[in-house]
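# Coordinate inspection notes
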Amino acid sequence: MTAASKPTVHALPAADKNLPKLKDDRLADIVAQNAAFVVHVDARGRLLATAESTVALLGYPAAYLAQVSLQDLVMPEHVRELEELMALVSSTGEPQKAAIPFLRADEGCYWLDLSVQLAQGPGDKNEPRFDVFGYDVTSWVRKEHQLRDESRRDPLTGMSNRAHLREWMIESIDNGVASGKAFAVMMLDLDGFKRINDSLGHDIGDALLRAVGKRLKAQLHQDDVFARLGADEFVLVAGNLDESDTWDRLAARIVAAMQRPFSVGGQQLRVTFSIGIALYPEDGLKSSQLLKHADLAMYSAKDRGKNQFVFYSSDLEKVKAEAFSLEQDMLSGIRTGEFELHYQPIVDARTREVLAAEALMRWNHPQGQRPPTAFIPLAEDNGLINLLGSWALRMVCAQLARWDANGISLAYVGVNVSPVQFQNPAFSQSVMSAVRESGIDPGRLVLEITEGTLIKNPEQTEAILSRLHAFGVRFAIDDFGTGYSNLSYLRRFPISEIKIDRSFVSDILESGHDRAIVSAMLSLARELDLSVVAEGVETEEQLAILVERECQYIQGWLFSKALPPEDFEHFVATQVVISLKGRGRGSLFRIF
Ligand code: C2E
Ligand code: CA
Ligand code: CA
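In this report, the structure presented in the accompanying data block is examined. (Residues numbered from 1 in each chain as written. Chains lettered and ligands numbered in written order. Predicted model: local features only at pLDDT ≥ 70, side-chain atom pairs only at ≥ 80, totals over all residues. Heavy atoms only, no water.)

### Some remarks on the overall build of the protein
Our working rule: Secondary structure counts use DSSP, requiring at least four H or I residues in a row for a helix and at least two E residues in a row for a strand, with both numbered from the N terminus. Categorising residues by exposure relies on relative accessible area from a 1.4 Å probe, with only protein chains included: less than 20% of the type maximum marks a residue as buried, more than 50% marks it as exposed, and the intermediate range marks it as partly exposed. Any pair of residues with heavy atoms lying within 4.5 Å of one another is described as a contacting pair. Each accessible area is a Shrake-Rupley estimate made with a 1.4 Å probe; only the visible protein chains count as cover when residues are assessed.
On a plain count of helices and strands, the protein comes out with 23 helices and 22 strands. Taking all 592 residues of the protein together, the buried fraction comes to 48%. Within the protein, counting contacts between residues at least 6 apart in sequence, those at least 24 apart form 64% of the total. Surface accessibility of the protein: about 29,100 Å² in total, with carbon and sulfur atoms responsible for 51%.

### Quick look at the coordination of the calcium ion (ligand 2)
Operational definition: In this description, a donor is an N, O or S atom within 2.8 Å of the metal centre, a cutoff extended to 3.2 Å for sodium, potassium and calcium. Water is not part of the atom list, which can make sites seem incomplete.
At 2.1 to 2.3 Å from the calcium ion (ligand 2) lie its protein donor atoms, namely Glu 358 (OE), Asn 416 (OD1), Glu 448 (OE) and Asp 478 (OD). Taken in chain order, the donor set of the calcium ion (ligand 2) reads E-x57-N-x31-E-x29-D. For Asp 478, a relative accessible area of 7% gives the class buried.

### Side note on the site of ligand 1
Let me state the cut-off plainly: By convention in these notes, a residue is near a molecule or strand provided one of its non-hydrogen atoms lies within 4 Å of it. Pairing of N or O atoms within 3.5 Å defines a polar contact, subject to two protein rules: one partner must be a possible hydrogen donor and the other a possible acceptor, and residues neighboring in sequence count only if both atoms are side-chain atoms.
Lining the immediate environment of ligand 1, one finds 19 residues, of which Arg 362, Asn 416, Asp 478, Glu 538 and Trp 557 sit closest. Residue Met 361 places a main-chain N or O atom 3.1 Å away from a nitrogen atom belonging to ligand 1. One of the side-chain nitrogen or oxygen atoms of Glu 538 is found 2.5 Å away from a nitrogen atom of ligand 1. Surface burial for ligand 1 is 83%, taken as the share of its 800 Å² of free accessible area covered by protein chains.

### Thoughts on the sheet that holds strand β9 (residues 233-238)
Note the threshold: Any two strands between which DSSP finds at least two bridges are classified as paired. Lines fitted to C-alpha atoms define the axes, with helix axes restricted to the stretch in contact, and inter-axis angles between N-to-C directions lie between 0 and 180 degrees.
What the five strands build is an open sheet, ordered β8-β9-β7-β12-β13; its pairing is mixed. Bordering the open sheet on either side are β8 (225-228) and β13 (309-311), each of which pairs with just one other strand. Put simply, the sheet's adjacent strands are angled 15 degrees from each other on average, direction ignored. Bridge count for β8 against β9 is four bridges, and the pairing is antiparallel. For Phe 226, the partnering residue across the bridge sits in β9 and is Leu 236. Strands β7 (183-190), β8, β9 and β12 (273-280) of the sheet are contacted by helix α9 (residues 202-218), whose axis makes an angle of about 165 degrees with β8. The strands touched by helix α11 (residues 287-303) are β7, β9, β12 and β13; relative to β12, the strand with the most contacts, the crossing angle is about 145 degrees.

### Brief notes about the packing of aromatic side chains
Formally: Only the six-membered ring of Trp is used, alongside the rings of Phe and Tyr, when aromatic pairs are assigned; centres must lie within 6.5 Å, and planes under 30 degrees apart are stacked while those over 60 apart are edge-to-face, with the rest tilted.
Going through the model one piece at a time under the given rule, you end up with 12 aromatic pairs. Plain terms: the ring middles of Phe 183 and Tyr 280 are 4.5 Å apart, the flat faces sit at 15 degrees to each other, and that makes the pair stacked. Of the two residues, Phe 183 sits in strand β7 while Tyr 280 sits in strand β12, which places them 97 residues apart along the sequence. Geometrically, the ring pair formed by Phe 422 and Phe 427 is tilted, given 5.1 Å between the ring centres and 40 degrees between the ring planes. Grouping residues by exposure puts Phe 422 and Phe 427 together as buried.

### Some remarks on the coordination of the calcium ion (ligand 3)
At the metal site, the calcium ion (ligand 3) is ligated by Asp 478 (OD), Asp 479 (OD), Glu 535 (OE) and Glu 535 (OE), and these contacts range over 2.2 to 2.6 Å. Binding-site remark: the calcium ion (ligand 3) is held by donors from one chain whose sequence spacing is D-D-x55-E. A spacing of 3.9 Å is found between the calcium ion (ligand 3) and the calcium ion (ligand 2), which share Asp 478 as a donor. Accessibility expressed as a relative area gives 26% for Asp 479, which makes it partly exposed.

### A few points about unusual backbone geometry
A cis amide bond links Tyr 280 with the next residue in sequence, Pro 281, at an omega value of 5 degrees. Tracing the backbone shows Pro 281 in the loop between β12 and α11. Despite not being glycine, Asp 529 has its phi angle at roughly 60 degrees, a positive value. With respect to the element layout, Asp 529 can be found in the loop between α21 (512-528) and β21 (531-534). In this structure Asp 529 comes out as exposed when scored by relative accessible area, which is 69%.

### Quick word on the environment of Ala 294
Mapping Ala 294 onto the fold places it in helix α11. A sequence separation of 19 residues divides Ala 294 from Ile 275, and the C-alpha atoms of the two residues are 8.2 Å apart.

### Comments concerning the pairing of β12
As a reminder, the rule being used: The definition of a right-handed crossover adopted here requires that, viewed with the strands pointing away, the path from the first strand over the helix to the second runs clockwise.
Burial of β12 is extensive: eight of the eight residues sit out of reach of the surface. The parallel pair β12 and β13 is bridged by α11, and the resulting crossover is left-handed.

### A short note on α21
Note the cut-off: How far a helix is expected to stretch is found by multiplying one less than its residue total by 1.5 Å. It is the directions from the helix axis to the C-beta atoms whose arc is reported.
Between its terminal C-alpha atoms α21 stretches 24 Å, which fits the 24 Å expected from 17 residues at 1.5 Å a residue. Those residues of α21 not exposed but buried are Asp 514, Val 518, Met 521, Leu 522 and Ala 525. The buried residues of α21 all sit within an arc of 95 degrees when viewed along its axis, so they share a single face. Among the exposed residues of α21, those pointing more than 90 degrees away from its buried face are His 513 and Glu 527. If you follow the buried residues of α21, they end up packed against β19 (474-480), β20 (497-500), α20 (502-506), β21 and α22 (540-548).

### With respect to the side chain of Asp 154
Take Asp 154: it is sitting in the loop between α6 (138-151) and α7 (162-174). Polar side-chain contacts of Asp 154 include one of 2.4 Å to the side chain of Thr 157. Reaching out from Asp 154, the side chain makes a polar contact with the side chain of Arg 228 at a distance of 2.8 Å. With sequence-adjacent residues up to four places away left out, Asp 154 is seen in contact with Met 159, Ser 160, Asn 161 and Arg 228.

### Overview of the packing of helix α14 (residues 384-405) against helix α16 (residues 427-438)
Basically, it comes down to this: Relative orientations are named as follows: roughly parallel for angles under 35 degrees, roughly antiparallel for angles over 145 degrees, roughly perpendicular for angles from 65 to 115 degrees, and oblique for any other angle. Left-handed describes a crossing in which the near helix is turned anticlockwise from the far one by less than a right angle; the clockwise case is right-handed. Under the scheme applied here, ten amino acids are nonpolar (Ala, Val, Leu, Ile, Met, Phe, Trp, Tyr, Cys and Pro), four are charged (Asp, Glu, Lys and Arg), and all others, including Gly, are polar.
The N-to-C vectors of α14 and α16 enclose an angle of 20 degrees; their axes lie 8 Å apart at closest approach. Considering their axes alone, α14 and α16 lie roughly parallel with respect to each other. Where α14 crosses over α16, the handedness of that crossing is right-handed. Of α16, the residues touching α14 (which contributes Ser 390, Leu 393, Arg 394, Cys 397, Ala 398 and Ala 401) are Phe 427, Ser 430, Val 431, Ala 434, Val 435, Glu 437 and Ser 438. Considered class by class, the residues forming the contact of α14 with α16 number eight nonpolar, three polar and two charged.

### So, the packing of α11 against helix α12 (residues 314-335)
A pair of packed helices can be characterised by two numbers: the angle between their axes and the separation between those axes. Contact pair α11 / α12: the axes reach a minimum separation of 10 Å and the direction vectors enclose 70 degrees. Relative to α12, the element α11 is oriented roughly perpendicular. Viewed along their axes, α11 and α12 form a crossing whose handedness is left-handed. Contacts between α11 and α12 involve His 293, Leu 296, Ala 297 and Ser 300 from the former and Leu 316, Glu 317 and Lys 320 from the latter. Here the contact of α11 with α12 is built from residues that sort into three nonpolar, two polar and two charged.

Structure (structure tokens):
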């Protein structure tokens, strides 16, 4: 619109005929300056005059506009904002601006960049009148909203992201809006998602996350808040519980819903969730506290074996505090030499001669010895396992060399290696330098790894195994039979030995099933030319069955528990005497 073609501005058919006439020219000037919305209102917002362009913009008939006030035209939730704006104009006398959405006749909405100023001309100070004009900024505002919306959304799943969750929590919880109404903050973590991502690729991983998100959403009410925080971490804030429902039931429903397989990329995938739950108000009044407590409960669910939900309780704090103090003790224990290695003999099943040993870590804590099952998982969590593990490797190699010098020549010593060590880029180097420093033959170091290590990160693991295999170090599969039943890795990876898990041996007398499994493992090993050690042999009867099935090597309390190095030497010396008596020779065999 140009100044040359001045639009018409017409006074509305006003209810009160005595209203003073408007100065049309002034309003027409404003319209000419491109403001499509131009009205003149009284102190209560009633429309006194309007430009034709306004009528066209909003789509209401002029007769309707004559009956209503400005407040009737804006979106209801913005009425207060408009009234505050007008109050400010009348109190300061200064023009004010704000972007406010207006209702259109067709139910749509227009965002107008509104300017409000005191109208000139005759008027009462207590009854001010306003000129209100506005530019259509709908497309800008929409764009802005879209951008803001996108910045608060996780692009993969379309759920809220961390930023929006935080904003929402601060707004509705910290500002007390939520007060009085109970709700649950649930932290959900997919168990073993990394494995799926690593083995099946990111596309499948992404598709799975989308499917998980969709199914989770179906468990919730429309206005429950639902966010994806990290790769496989979700938070939901559920505030709407049906009368007969409980948080327990909701969590159980979520766990159950996730148990059905997901059909992704033509494959059926199964996943499980670990869920931690904090309740408002009893577990915290602030969002940060609720999130922290839900997180703590989630980790506790993971510790308890995954695929379950745990409610926050103050006991969890105690457990965490204990773990922290244990961690501190561990650090000082490493410095003061509280850790040591004990050696459990591995014997020939027939001759009972000691051929090799497994090194097992012991921690002489000032308040009593701690079993490895109590401190290895913690050391894996806090990363200290890398330190302890490389120390164990150096100790074992040095011990082998020392025993060589003292006439005790073991075929090899097995050292347990945690999957976490395999993630450490310095791992293979630490193995090689331990071997080199001691001068032992690398084949006398056997690294015991679990099936889980092989499965977790097959490419990286294969690379490390090949490098160390080329160097001469050998590998045993520990706890064989307890992991995944996929045996193809026995061919894929350079493995020399399997160790039949104690659980099969302990029931071998009573359970025909376990006897069959042990027999199958033994024949599989023969076929693949692998050595076999049966672990946890405690009785002569168990030994007899294993011997009958031609298991070559045995480890267990029947012969000896793990012993400190001096006791191990003593044990070997006694065995040699016995075997000298029995077989006329005291040399120790090489297993492989
Ligand atoms: P593992 O590698 O399966 O070690 C065998 C476990 O069985 C040892 O428990 C051993 O003392 C026990 N055992 C041996 N013979 C018998 C038996 O006849 N009967 C019974 N009931 N138990 C027997 P330990 O020493 O408590 O070690 C537990 C686990 O801790 C080990 O299981 C291993 O996974 C881990 N571990 C031990 N030392 C280390 C280490 O230096 N590094 C790493 N990463 N893990 C270690
Ligand atoms: Ca072991
Ligand atoms: Ca084992």
